[in-house]
Amino acid sequence: MMRWIRWIAPVLMVLVSVMASMQAPAAAAADLEKARAMVAEVAEQGVREVVGANVPQAEKIERFRGLFDRYFDMPSIARFVLGRSWKDADAAQQARFVEQFRELNVYTWARRFKDYNGQKLAVTGVQADGDAGAYVDTMVEQTEGQKPLSVRWRLRMREDGWRVVDLIVEGVSMAITYRSEYSAALSDPSVTVGRLNDLIRLQVDQMKAQQPS
Amino acid sequence: MGQEMSHRAAGIAAAFLPFRRWRKAGLRAALLGTVLLTATACASSDTGANDPLEPVNRAVYGVNQAVDYVLLRPLAYAYRDGLPDPIQERIGNTLRNLASPVVLANDLMQGEWDRAWTTFMRFLINSTWGLAGLHDIAAPMGFKRHDEDFGQTLATAGVGEGPYLVLPLLGPSNARDAVGRAVDWAMDPVRILAAAKNWDEFQWARTGLTIVDARAGLIDPINEIERSSLDTYVALRSMYRQRRAAEISNQPAGAYAGGVDGASFDFQDPPKKQ
């Protein structure tokens, strides 16, 4: 009898610890499933409400801005790309930068709306990035028989769910590229965040002027 | 450990350099220059823009831009929009097939046996049943194409990237990858054969088509960079470094996150109040 207990006790302990260890990744797995679902949802809504919708360009831009605000954590991205200079700027400049940087992104994408021709986005994988992050890997079809692009979405967990913070296209992170560019511009002592805002404003105005109706 | 690895890489490089006598003194000087640059740069840390030669690089970049504008860009547009897609595809297939011996050599030097086998089978299948490389029939058979070059081989052996360089006509690079390009060129059996046989037209056609084909594939991305960036020089520099890091990692493209921790996107303190 005693022998039997001695034998079963370690087995039970192993079983319990295995079940406990499965509990934690299971919770994470549910979150990862949500991350995958969110990226699929962004792509689906982007096609249905923006690029594939039969509405004027101005309306498409308006809807796209809405998608952007809902699914992307623009304030965090803007703050990341500004790097150390964020703290040098006053509150008004910071707010203006977040706004301008979002508009720059909106209008950069808006110029590509017209190229949409039924291309599909396929989610190919999802993995955890630390405790509060996830990567969702996708392949995006391109026009005219070009090789599909690999796009990795970097997500962070916020209070109300996942938000996109970066897109890594064929290994090139948009956030890191913007950050390099702005930190190079700001390394010139005559360029302040205020001046950078003006420069981005010029870019946005130029892109607005080139917008198809 | 790192030092040991870079010695190994130097050994590999040395084994290949005398492979062929350098006929052009200019090339020899350029190569020596880049080797020296690599040697000095390996010691330095990689922080910031990694661009100590920025003024020179910017000057070269300016010349490259001008050549691109008057010559390469128009040719690339004519190639992309003028030639029927199937013909472009066959040209691309042929060029990549001709380049595969160099890919194979680098696969082997990196000890990537599976990838080497894939490249070997691709070359065998496409050169024969694929009609001298016109058709990529190996890919549907499961032998998918990948790229590899001596710059990446050096990187996997532990050699640092060295300072960022903009090469005349060739564009963004760094000391390590510039050496890699020269070594790839030197050991290319197709080029050696063609040189021995004096197939000058073949050499020119191959070089010209390789450049135009590559530029045609970059029309959209480069236009995009020119429109959305404040300083295309800086944007290209950043993208080149990230792209190379991703290629060296051999992860499925896009698997690299630039070494930036996800928490860099989390900000504890709320933004300043207006």
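Please refer to the structure placed before this passage.
Cut-offs used in this document
- Residues numbered from 1 in each chain as written.
- Chains lettered and ligands numbered in written order.
- Predicted model: local features only at pLDDT ≥ 70, side-chain atom pairs only at ≥ 80, totals over all residues.
- Heavy atoms only, no water.
- Pairing = 2+ DSSP bridges.
- Helix = DSSP H or I, 4+ residues; strand = E, 2+ residues; numbered from the N terminus.
- Core = buried A, V, L, I, M, F, W, Y, C linked by side-chain atoms within 4.5 Å.
- Buried < 20%, exposed > 50% of the residue type's maximum accessible area, 1.4 Å probe, protein only.
- Contact = heavy atoms within 4.5 Å.
- Salt bridge = Lys/Arg side-chain N within 4 Å of Asp/Glu carboxyl O.
- Arc of directions from axis to C-beta.
- Polar contact = N/O pair within 3.5 Å; in protein donor to acceptor, adjacent residues only side chain to side chain.
- Expected span 1.5 Å × (residues − 1).
- Axes fitted to C-alpha atoms, helices over the stretch in contact; angles between N-to-C directions.
- Parallel < 35°, antiparallel > 145°, perpendicular 65-115°, else oblique.
- Nonpolar A, V, L, I, M, F, W, Y, C, P; charged D, E, K, R; others polar.
- Buried area = accessible area lost by both parts, 1.4 Å probe.

A. View of the sheet that holds strand β1 (residues 121-128) of chain A. Residues and elements named next belong to chain A. Taken in spatial order, the five strands make up an open sheet running β1-β2-β3-β4-β5, and their pairing is antiparallel. On the outer flanks of this sheet lie β1 and β5 (172-173), each paired with one strand and no other. Judged from the two bridges that link them, strand β4 (residues 161-169) and β5 form a sheet pairing that is antiparallel. Bridging across to β5, Val-169 finds its partner in Val-172.

B. Quick look at the nonpolar core. Ranked by size, the top nonpolar core spans 51 residues in total, and within it Phe-72, Val-81, Phe-97, Phe-101, Trp-153, Leu-155 and Tyr-182 of chain A carry the most contacts. Ignoring any residue separated from it by four or fewer positions in sequence, one finds Val-81 of chain A in contact with Phe-97, Phe-101, Ala-175, Tyr-178, Arg-179 and Tyr-182 of chain A. Residues Val-60, Tyr-61, Tyr-164 and Val-166 of chain B belong to the second largest nonpolar core, which totals 10 residues.

C. Expanded view of the pattern of salt bridges. Within the structure shown, the criterion is met by 39 salt bridges over all chains. Between Glu-224 of chain B and Arg-112 of chain A there is a salt bridge whose closest N-O contact spans 3.3 Å. Of the two residues, Glu-224 of chain B is situated in helix α10 (residues 219-228) and Arg-112 of chain A in the loop between α5 (91-110) and β1; the pairing between them involves two chains. Classification of Glu-224 of chain B as buried rests on a relative accessible area of 15%. Accessibility expressed as a relative area gives 31% for Arg-112 of chain A, which makes it partly exposed. In this structure, Arg-115 of chain B and Glu-148 of chain B form a salt bridge, with 3.0 Å as the shortest nitrogen-oxygen distance. Taken together, the residues Arg-115 of chain B in helix α5 (residues 113-128) and Glu-148 of chain B in the loop between α5 and α6 (150-156) connect sequence positions 33 residues apart.

D. Quick look at helix α8 (residues 189-196) of chain B. All names here are of chain B. Along α8, the residues classified as buried are Val-190, Arg-191 and Ala-194. Taken down its axis, α8 places every buried residue within 95° of arc, on the same side. Each element contacted by the buried residues of α8 is listed here: α4 (85-109), α7 (175-187) and α9 (200-217). Its side-chain oxygen at 3.0 Å from the backbone nitrogen of Val-190, Asp-188 defines the N-terminal cap of α8. Following α8 by one or two positions, Asn-198 has its phi on the positive side, about 60°.

E. Looking closely at helix α7 (residues 193-209) of chain A. Here α7 of chain A spans 24 Å end to end across 17 residues, near enough to the 24 Å set by a 1.5 Å rise per residue. Within the sequence span of α7 of chain A, burial applies to Val-193, Gly-194, Leu-196, Asn-197, Ile-200, Gln-203, Val-204 and Met-207 of chain A. On the buried face of α7 of chain A, the contacting elements are α3 (74-82), α4 (85-88), α5 and α6 (174-186) of chain A together with α10 of chain B.

F. Expanded view of the packing of α7 of chain B against α8 of chain B. Residue and element names in this part refer to chain B. Relative orientation of the contacting elements α7 and α8 amounts to 50°, with a least axis distance of 5 Å. Considered as vectors, α7 and α8 are oriented oblique to each other. Residues Trp-185, Ala-186 and Met-187 of α7 touch α8, and the partners they reach there are Pro-189, Arg-191 and Ile-192. A class-by-class count of the residues in the contact of α7 with α8 yields five nonpolar, no polar and one charged.

G. Layout of the interface of chain B and chain A. At the interface, 35 residues of chain B touch 44 residues of chain A. Carbon and sulfur atoms make up 53% of the area that chain B and chain A hide from each other, which totals about 3,300 Å². At the boundary of chain B with chain A, the tally comes to five salt bridges. Between the two partners, chain B and chain A, sit 16 residue pairs in polar contact (both at pLDDT 80 or more). Mapped by element, the contributors of at least two residues to the side of chain B that touches chain A are α10 and α11 (232-249) of chain B. Counting residues per element, the side of chain B that touches chain A draws most heavily on α11 of chain B, which supplies eight residues. Its residues assigned to classes, the side of chain B that touches chain A shows 14 nonpolar, nine polar and 12 charged.

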